[in-house]
Amino acid sequence: MSQTASNLPPAIGNEERRTFLSASGLAMTVGLAAGYGSFAAILGQFLYPAEQPRRAWLFVCLAEELPPGEGRDFVAPSGQRIVVARHGQGTNDADYLALSSVCPHLGCRVHWEPQHDRFFCPCHNGAFDRQGRATEGPPAAAGQHLVRFPVKVDRGMLLVEVPVDSVLTAALLPSDRLQPCPAVRTEVPRSVS
Ligand code: FES
């Protein structure tokens, strides 16, 4: 059965057709731009990988000024709190250890308990051995150890390697960083197992 002209749906006008074509063209353009944008972003990351945080060796004190069995608190220019300790009798790299004094669980300060031979976090009874390995509490359950920083002795100077990005050495080593080590003491065990 043939339809009369009056029964047919109204023909799409030129104006509507143009609107439809413009909209679909715009959608296609946006889609292509998004696709190429993602590709460019991935390519950019491949060609120009994100810059690694800058690190530097900072002076803590003269190596021999930190007596065996003692340590000192050190605040890195980036704000990280570190305890640098001398466990050995000598003044070689291996006689020193630098650990974060911030609990990896929720960020409380840990302190050394010589009577228990451990670092202790009072917030949730977290405990760590002298190497910073979690032994009790939530940090042990989650396998969260104290962050360890590289230390070395260079020409008699005790140095610790830390990130320096946020403050960029804060006018590099203000005078209080150059105080003799015994100025601030933290008891630490005398020997390393
Ligand atoms: S913050 Fe140290 S155990 Fe929770």
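What counts and what doesn't
Per chain, residue numbering runs from 1 following the sequence as it is written. Where totals are concerned, whole chains, interfaces and linings use all residues; where local detail is concerned, this predicted model gives features only for residues with pLDDT of at least 70, and gives and counts side-chain atom pairs only at 80 or more. Under the scheme used here, helices are H or I runs from DSSP no shorter than 4 residues and strands are E runs no shorter than 2 residues, and both carry numbers assigned from the N terminus. For the exposure call, what matters is how many other C-beta atoms sit within 10 Å of a residue's own: 20 or more marks it buried, 12 or fewer exposed, and in between partly exposed, using C-beta atoms placed from the backbone. Contacts are defined on C-beta atoms placed from the backbone: any two residues whose C-beta positions lie within 7 Å are in contact. We define the nonpolar core as any set of buried residues of the types Ala, Val, Leu, Ile, Met, Phe, Trp, Tyr and Cys, connected via C-beta atoms lying within 7 Å of each other. We call two strands paired when DSSP finds no fewer than two bridges between them. Lines fitted to C-alpha atoms define the axes, with helix axes restricted to the stretch in contact, and inter-axis angles between N-to-C directions lie between 0 and 180 degrees. The pLDDT score gives, residue by residue, the confidence of the prediction method on a 0 to 100 scale.

1. A short note on the overall build of the chain
So, point 1. Along its length, the chain carries two helices and twelve strands.
So, point 2. The order of helices and strands in the chain, counted from the N terminus, is α-β-β-β-β-β-β-β-β-α-β-β-β-β.
So, point 3. Residues counted as buried form 20% of the 193 residues belonging to the chain.
So, point 4. The long-range fraction of contacts in the chain, counting pairs at least 24 apart against all pairs at least 6 apart in sequence, stands at 54%.

2. Let's talk about the nonpolar core
So, point 1. Among the nonpolar cores identified, the biggest contains 28 residues, and Val60, Ile82, Val84, Tyr96, Ala98, Val151 and Leu158 are the most heavily contacted of them.
So, point 2. When residues of this core are traced back to their parent elements, those giving at least two are strand 1 (55-62), strand 3 (81-86), strand 4 (96-100), strand 6 (118-121) and strand 11 (157-163).
So, point 3. Among residues more than four places away in sequence, those in contact with leucine 158 are Val60, Cys61, Leu62, Ala63, Leu66, Val84, Tyr96, Val151 and Val153.

3. Quick look at the sheet that holds strand 10 (residues 151-154)
So, point 1. The strand order across the open sheet built from three strands is 1-11-10, with neighbouring strands paired in antiparallel fashion. With partners counted over all chains shown, the strands left at the sheet margins are strand 1 and strand 10, one partner each. Ignoring which end each strand starts from, the neighbouring axes of this sheet average 35° apart.
So, point 2. For strand 1 and strand 11, the ladder comprises seven bridges, and the chain directions are antiparallel. Across the sheet, residue tryptophan 57 finds its bridge partner in strand 11, namely glutamate 161.

4. Focus: the environment of threonine 91
So, point 1. With respect to the helices and strands, the residue threonine 91 is situated in the loop between strand 3 and strand 4.
So, point 2. For threonine 91, a count of 17 C-beta atoms within 10 Å gives the class partly exposed.
So, point 3. The sequence separation of threonine 91 and lysine 152 amounts to 61 residues, and the corresponding C-alpha distance is 9.4 Å.
So, point 4. Among all residues touching threonine 91, those that are not within four sequence positions of it are Ala63, Glu64 and Val153.

5. As for the confidence of the model for the chain
So, point 1. For the chain, per-residue confidence averages 76 on the pLDDT scale, and residues scoring 70 or more make up 58% of the total.
So, point 2. Residue range residues 167-187 is modelled with pLDDT below 50. Its contacts to residues more than four positions away, or to other chains, number 32 contacts.

6. So, the pairing of strand 10
So, point 1. Summarising the sheet, strand 10 and strand 11 pair through four bridges and their orientation is antiparallel. Bridging across to strand 11, aspartate 154 finds its partner in methionine 157.
So, point 2. What sits between the antiparallel neighbours strand 10 and strand 11 is a turn of two residues, in which arginine 155 has the positive phi angle 50°.

7. As for unusual backbone geometry
So, point 1. In this model, aspartate 117 sits at a positive phi of 55°, which is unusual for a non-glycine residue.
So, point 2. By secondary structure assignment, the location of aspartate 117 is in the loop between strand 5 (111-113) and strand 6.

8. A closer look at the environment of leucine 146
So, point 1. Checked against the element boundaries, leucine 146 lands in the loop between helix 2 (137-142) and strand 9 (148-149).
So, point 2. With 46 residues separating them in the primary sequence, leucine 146 and serine 100 have C-alpha atoms 5.8 Å apart.
So, point 3. Not counting the four nearest positions on each side in its chain, leucine 146 is found in contact with Leu99, Ser100, Pro104, Val110, Phe119, Phe128 and Gly132.

9. Comments concerning the sheet that holds strand 7 (residues 126-128)
So, point 1. With respect to topology, four strands assemble into an open sheet ordered 5-6-7-8, the strand pairing being antiparallel. Only two strands of the sheet have a single partner each, and these edge strands are strand 5 and strand 8 (134-136). Averaged over all neighbouring strand pairs, the angle between strand axes comes to 40°, with direction disregarded.
So, point 2. Across two bridges, strand 7 lies against strand 8 in antiparallel orientation. Bridge pairing in strand 8 places alanine 127 opposite glutamate 136.

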